[in-house]
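Given next are the chains, with one letter for each unit.
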Amino acid sequence: MNDLLGSLFALLVFPGLAFLSTCALAFDWLDRRVIARMQGRVGPPWFQPLADLIKLLAKEDILPTGANETVAAVLPMVSLASVLTAALYVPVGGRVAASFEGDLIVVLFLLSIPALAYFLAGWVTVGVYSVLGGNRSLLQYFSYEVPFLMALSTPAILNSSWSIAEISARQLTWGLFTLPLGFILALVGLIGKLKRDPLDIPKAKSEVVAGALTEFSGRKLALWHLAMSMQTVVGIFLLVNLFLGGSKAIFLAVPPPLAPVIFGLKALTILVLLSTFSVLYARLRIDQLARLGWRVLAPLALVQILVTVWMGG
Amino acid sequence: MTRVTIPIGPQHPLLKEPLSFLLTVEGEEVMESVLRLGYVHRGIERLCQERTYVQNIPLIERVCGICSHVHTTTYCQGVEALSGLEVPPRGLYLRALMCEMERIHSHLLWLGVLSKNMGFDTIFMYAWRDREIVLDIMEELSGGRVSHAVNVVGGVRIDLDEEHARSILTRFDVLEQQVERALELIEYEPTLMARTQGVGILSPEQVRRYCVVGPVARASGVDIDLRRDLPRPPYDRLEFKVITHPAGDVWARTLVRVRETRESLHLCRQIIAQLPDGPTSVTAKRRVPEGEVVSRSEAPRGEVIYYIRSDDSDKPARLKIRTPTMTALITLPDQLRGATMADVPVVLSGVDLCIACADR
Amino acid sequence: MPRYNWPLLPEILRTLFNRPITVQYPFGPLEMPERYRGRVDIQAEKCRGCGLCVRDCPASALELERVDKETFRLIYHPDRCAYCGQCEESCRFDSIYLTNDFVPGTPHRENLTTVLVDRKPEEGEESGGDDEPA
């Protein structure tokens, strides 16, 4: 009975739905605010993401004729569920809901489900922009995913464990310093995965309107947005655990109550880094991204893996 | 691969004004494109025949929402030539000052639109922030941000005093700094260059065949600029370079336009320094003697032509406007052939779309 | 030749630590320049009812109801006004002018119409109601 309650708590409250959606909205707001300030604007008030979500939930839900309504309704839920499940294995502030040797692989697998769901979403809602956006998202997936996976495997090799909690705990010096290249590659890969500027190719407004989600509206779109924001949060938490030493401070020992604060600060740093990237560059073309992914990122990731193995994992 | 037809417009996030493109794409490659115009045709040319020469000025100002001043300038030039009016030099200088500031504002606006369309929101925000400097100056001078209502037949309505001129010059210094930064960005920013270089190429031959004018022509190495080729006062006394670039792609157009912005700033400074004393306008008669005239001037987008025929009444008998955007628009199907879907926004904004101008 | 890969970074940092340039308009003041062309107003005592402004108005925003030389009304319709300032330019008595007050939105278009001049003869003779407009 206690087990069941514990699992329910983990799924619904911490680090599950309630915690993750709060974080998602907060990160969303902070991201928009930081970008706005970098561009000389004011940015939205703190409740804007919540207001957007509620507005979308209240809106009429329509799909074009010919769209597969069941699949279109299931897809956002599938991506939301997979992100939520992935969140269970990612330690937050030194606490983790579930952990086993090899959960890194599971999390990476779970985090790729939304990308595939996004592609399918483009196909089941029949629209030229949707299909084009879906195709682009798949192409982008093939470009960033390999270097991303390779980059994320380097801390695992270095710390000889495939459990996120273990890697986070075993890091004496942060992965950022031992694997600087891996960190940068993981960051770029994360940008591609989250479809953020400058790699927002599948949803480029001036090219394909809203990409695969063009035909979505109302509750389904709200779920999509929530899933995407949560994916941002989980991705950032993952990077904090793998490359920034989780909730550990750099030189001094941290008293356990302060651990979540340290963790939060690190997560915010990565968020600001992501915001900076999206302000700094123009959107790439899909062929340019493919070239970047296979000619630059993948070889660099390979180099990083070889160096890691040589360093003696 | 199967061919898909993708509509761009009349409603599309890329377009701020209605225009329709039917793109036939194979995967990401554009095979064919069909252009349709006329969504914002307002019948201005016909309407002008129904209204007096005085009433036409605010109407003509609304041909274009960006280069409004140069349209009324060209129109007034024509009417003045028909009625044999001599505009006092101070009036001509102030007209030219507004023209050059309008060029700055138009080019910065264009830089913003291009950046926005290739997903570079930051440059968009910065360009429009810097454009605000010149918009503020124009608002203080004329009372309007984009519809200036400065021209009257026979001169200008506005005047510039010493103190105001000094404050304008200090703000120009800030603007110049920002334009220099933008230039550096265009010459070095890797993603911007990757997106614009080799995209939407127009050869000098194509430019001549389609009669393309303005910065698009100059970016293809065709050295035309009415300010130099048909020097009217005060341009005959001002020093400026005509910017050209041989590349012919969108990147060259960016470079040409931003360098022109810098030239325009220099021109504005010279105009303020040389501003002659005297009246700003002469009184014009309401009736214009019979005759016909072709009036041309260099708008931010290129050469704008007005043809006016008068019949000794207070209304024009015929008025024809040729806007520079029209010439650039018809090259778009050529530029788009073989481009990818991602290039479409860049190519479309590269020619500086002003659909209201083209449709009139 | 790219000198470095992030030429925008200095400007971004500069902007980040400066105040945003957005004007918080409805929540803060908005100063219009002196010459801003806003709502049309008139120095009624100078108006002679010559109708030049009405004749030159490109948007038919001005209307003159004239009974005789001494009795007339000048009516202004801001909803039609193009704020071009032609009336100010045309006026020979420096009577009509543009203020720098920009007209805020209204849900009732008909309330916008204002009577700028309502001239009656000095003797207090009753005006003859609406006659033919000039």
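Structure shown above.
*Asks:* Would you mind going over the overall build of chain C in detail, with residue names and values included?
*Replies:* When helices and strands are tallied, chain C shows 3 helices and 5 strands. In chain C, the order of α-helices and β-strands from amino to carboxyl end is α-β-α-β-β-α-β-β. Within chain C, the proportion of its 134 residues that are buried is 34%. For chain C, long-range pairs separated by at least 24 residues make up 68% of all intrachain contacts whose partners lie at least 6 apart in sequence. By element, 50% of the accessible surface of chain C is carried by carbon and sulfur atoms, the whole surface being about 8,800 Å².

*Asks:* Now, about the overall build of chain B: what can you tell me, with residues and values included?
*Replies:* Tallying secondary structure elements over chain B gives 15 helices and 8 strands in all. Rg of the C-alpha trace for chain B: 20 Å, near the compact-globule value of 21 Å for 360 residues, within the 12% margin. Taken along its principal axes, the extent of the C-alpha atoms in chain B is 65 × 45 × 35 Å. Looking at chain B as a whole, 62% of its 360 residues qualify as buried. Surface accessibility of chain B: about 12,600 Å² in total, with carbon and sulfur atoms responsible for 52%.

*Asks:* Describe the interface of chain B and chain A, listing the residues and the values that go with them.
*Replies:* Listed per partner, the contact involves 31 residues of chain B and 20 residues of chain A. Carbon and sulfur atoms supply 57% of the area that chain B and chain A bury against each other, a total of about 2,200 Å² over both sides. For the salt bridge of D343(B) with R285(A), the shortest nitrogen-to-oxygen distance reads 2.9 Å. At the level of elements, β1 (3–8), α4 (89–117), α5 (121–142), α7 (190–196) and α14 (343–350) of chain B are the ones that each hand at least two residues to the side of chain B that touches chain A. Of the residues belonging to the side of chain B that touches chain A, the class tally is 17 nonpolar, 8 polar and 6 charged.

*Asks:* An account of the packing of aromatic side chains is needed here, citing residue identities and associated values.
*Replies:* Taken as a whole and judged by the stated rule, the model has 14 aromatic pairs over all chains. A centroid spacing of 5.9 Å and a plane angle of 85° characterise the contact between Y141(A) and Y144(A), whose relative ring orientation is edge-to-face. Separated by 3 residues within a single helix, Y141(A) and Y144(A) lie in helix α6 (residues 128–158), roughly one turn from each other. For the pair formed by Y141(A) and Y144(A), the shared burial category is buried. Taken together, a centroid distance of 6.2 Å and an interplanar angle of 70° make the contact between Y235(B) and F240(B) edge-to-face. Of the two residues examined, Y235(B) and F240(B), each falls in the buried class. One aromatic cluster is present, built from ring pairs that chain together F19(A), F27(A), F237(A) and F263(A). Sitting above the plane of the Y118(A) ring, K195(A) keeps its charged end 4.2 Å from the centroid. Sitting over the ring of W128(B), R131(B) keeps its end group 4.8 Å from the ring centre.

*Asks:* So what about the packing of helix α2 (residues 17–38) of chain A against helix α1 (residues 9–16) of chain C? Which residues, and what values?
*Replies:* It is at 7 Å that the axes of α2(A) and α1(C) come closest, and there the two elements cross at 105°. Between α2(A) and α1(C), the angle is such that the two are roughly perpendicular. Where α2(A) abuts α1(C), its residues V34(A), R37(A) and M38(A) lie against I12(C), T15(C) and L16(C). Residues of the contact of α2(A) with α1(C), tallied by class, amount to 4 nonpolar, 1 polar and 1 charged.

*Asks:* An account of helix α3 (residues 48–58) of chain A is needed here, citing residue identities and associated values.
*Replies:* Residue and element names in this part refer to chain A. Among the residues making up α3, those that are buried are P49, L53 and L56. Each buried residue of α3 sits inside an arc of 70° when the element is viewed along its axis, so together they form one side. Each element contacted by the buried residues of α3 is listed here: α2 and α11 (218–243).

*Asks:* Explain the sheet that holds strand β3 (residues 72–76) of chain C residue by residue, including any values.
*Replies:* All names here are of chain C. Here 3 strands make up an open sheet; going across it, the order is β2-β3-β5 and the pairing antiparallel. Each of the sheet's edge strands pairs with one partner strand only, and the pair in question is β2 (62–66) and β5 (114–119). Going from strand to strand, the sheet's axes swing by 15° on average, the running direction of each strand aside. Here β3 pairs with β5 via 5 bridges, running antiparallel. Bridging from a neighbouring strand, L74 pairs with V117 of β5.

*Asks:* Outline the side chain of E303(B), listing residues and values.
*Replies:* All names here are of chain B. In this structure, E303 sits in strand β7 (residues 302–310). Reaching out from E303, the side chain makes a polar contact with the side chain of R296 at a distance of 2.9 Å. Among residues more than four places away in sequence, those in contact with E303 are V213, L226, R296, S297, E298, R322, T323 and P324.

*Asks:* Mind laying out the pattern of salt bridges, listing which residues take part and the relevant values?
*Replies:* Applying the stated criterion across every chain, the model contains 45 salt bridges over all chains. The partner of R285(A) in a salt bridge is D287(A), and the shortest N-O contact between them spans 3.2 Å. Given a relative accessible area of 12%, R285(A) falls into the buried group. Residue classification places D287(A) among the partly exposed positions, given a relative accessible area of 27%. A cluster of three or more residues bridged by salt bridges with shared partners is formed by E100(B), R103(B), R218(B), D225(B), R227(B), E260(B) and E298(B).

*Asks:* How would you sum up the interface of chain A and chain C? Please name residues and give values.
*Replies:* Taken together, the 11 residues of chain A in the interface contact 13 residues of chain C. At the junction of chain A with chain C, the criterion picks out 0 salt bridges. The tally of links between chain A and chain C comes to 2 residue pairs in polar contact (both at pLDDT 80 or more). Listing elements by their share of the side of chain A that touches chain C, those giving two or more residues are α2 and α12 (259–280) of chain A.

*Asks:* If you had to explain the pairing of strand β2 (residues 20–26) of chain B to someone new, which residues and values would you point to?
*Replies:* Residue and element names in this part refer to chain B. With 5 of 7 residues buried, β2 is to be regarded as a mostly interior element. Across 6 bridges, the pairing between β1 and β2 is antiparallel. Along β2, the bridge assignment pairs P7 with L22. Strand direction decides the pairing type here: β2 and strand β3 (residues 29–36), joined by 7 bridges, are antiparallel. Note that in β3 the partner of S20 across the bridge is R36.

*Asks:* Which residues make up the packing of helix α5 (residues 103–124) of chain A against α6(A), and what values do they have?
*Replies:* Residue and element names in this part refer to chain A. Here α5 crosses α6 at 170°, and the two axes come no closer than 8 Å. With respect to each other, α5 and α6 are oriented roughly antiparallel. Partitioning the contact of α5 with α6 into residue classes produces 15 nonpolar, 7 polar and 1 charged.

*Asks:* A description of the nonpolar core should follow, citing residues and the corresponding values.
*Replies:* Grouped together as the largest cluster of nonpolar side chains are 122 residues, with contacts concentrated most on Y75(B), M101(B) and L348(B). If one sorts the elements of this core by residue count, α4(B) sits on top with 13 residues. Residues within four places of Y75(B) in sequence aside, it is in contact with Y53(B), N56(B), I57(B), I60(B), Y306(B), I308(B) and L319(B). With 84 residues, the next largest nonpolar core counts L80(A), M228(A), V234(A) and L274(A) among its residues.

*Asks:* Could you give an account of helix α6 (residues 162–188) of chain B, naming the residues involved and the relevant values?
*Replies:* Under the 1.5 Å per step criterion, the end-to-end length of α6(B) is 39 Å for 27 residues, consistent within 8% with the ideal 39 Å. Among the residues of α6(B), H164(B), A165(B), I168(B), F172(B), L175(B), E176(B), Q178(B), V179(B), A182(B), L183(B), L185(B) and I186(B) are the ones counted as buried. Along its buried surface, α6(B) packs onto α4, α5, α7 and α11 (250–274) of chain B together with α1 of chain C.

Conventions used here
- Residues numbered from 1 in each chain as written.
- Chains lettered and ligands numbered in written order.
- Predicted model: local features only at pLDDT ≥ 70, side-chain atom pairs only at ≥ 80, totals over all residues.
- Heavy atoms only, no water.
- Helix = DSSP H or I, 4+ residues; strand = E, 2+ residues; numbered from the N terminus.
- Buried < 20%, exposed > 50% of the residue type's maximum accessible area, 1.4 Å probe, protein only.
- Contact = heavy atoms within 4.5 Å.
- Areas by Shrake-Rupley, 256 points an atom, 1.4 Å probe, with all protein chains shown as cover.
- Rg over C-alpha atoms; globule rule 2.2 N^0.38 Å.
- Buried area = accessible area lost by both parts, 1.4 Å probe.
- Salt bridge = Lys/Arg side-chain N within 4 Å of Asp/Glu carboxyl O.
- Nonpolar A, V, L, I, M, F, W, Y, C, P; charged D, E, K, R; others polar.
- Phe/Tyr/Trp six-rings, centres within 6.5 Å; stacked < 30°, edge-to-face > 60°.
- Lys NZ or Arg CZ within 6 Å of the ring centre and 35° of its normal.
- Axes fitted to C-alpha atoms, helices over the stretch in contact; angles between N-to-C directions.
- Parallel < 35°, antiparallel > 145°, perpendicular 65-115°, else oblique.
- Arc of directions from axis to C-beta.
- Pairing = 2+ DSSP bridges.
- Polar contact = N/O pair within 3.5 Å; in protein donor to acceptor, adjacent residues only side chain to side chain.
- Core = buried A, V, L, I, M, F, W, Y, C linked by side-chain atoms within 4.5 Å.
- Expected span 1.5 Å × (residues − 1).

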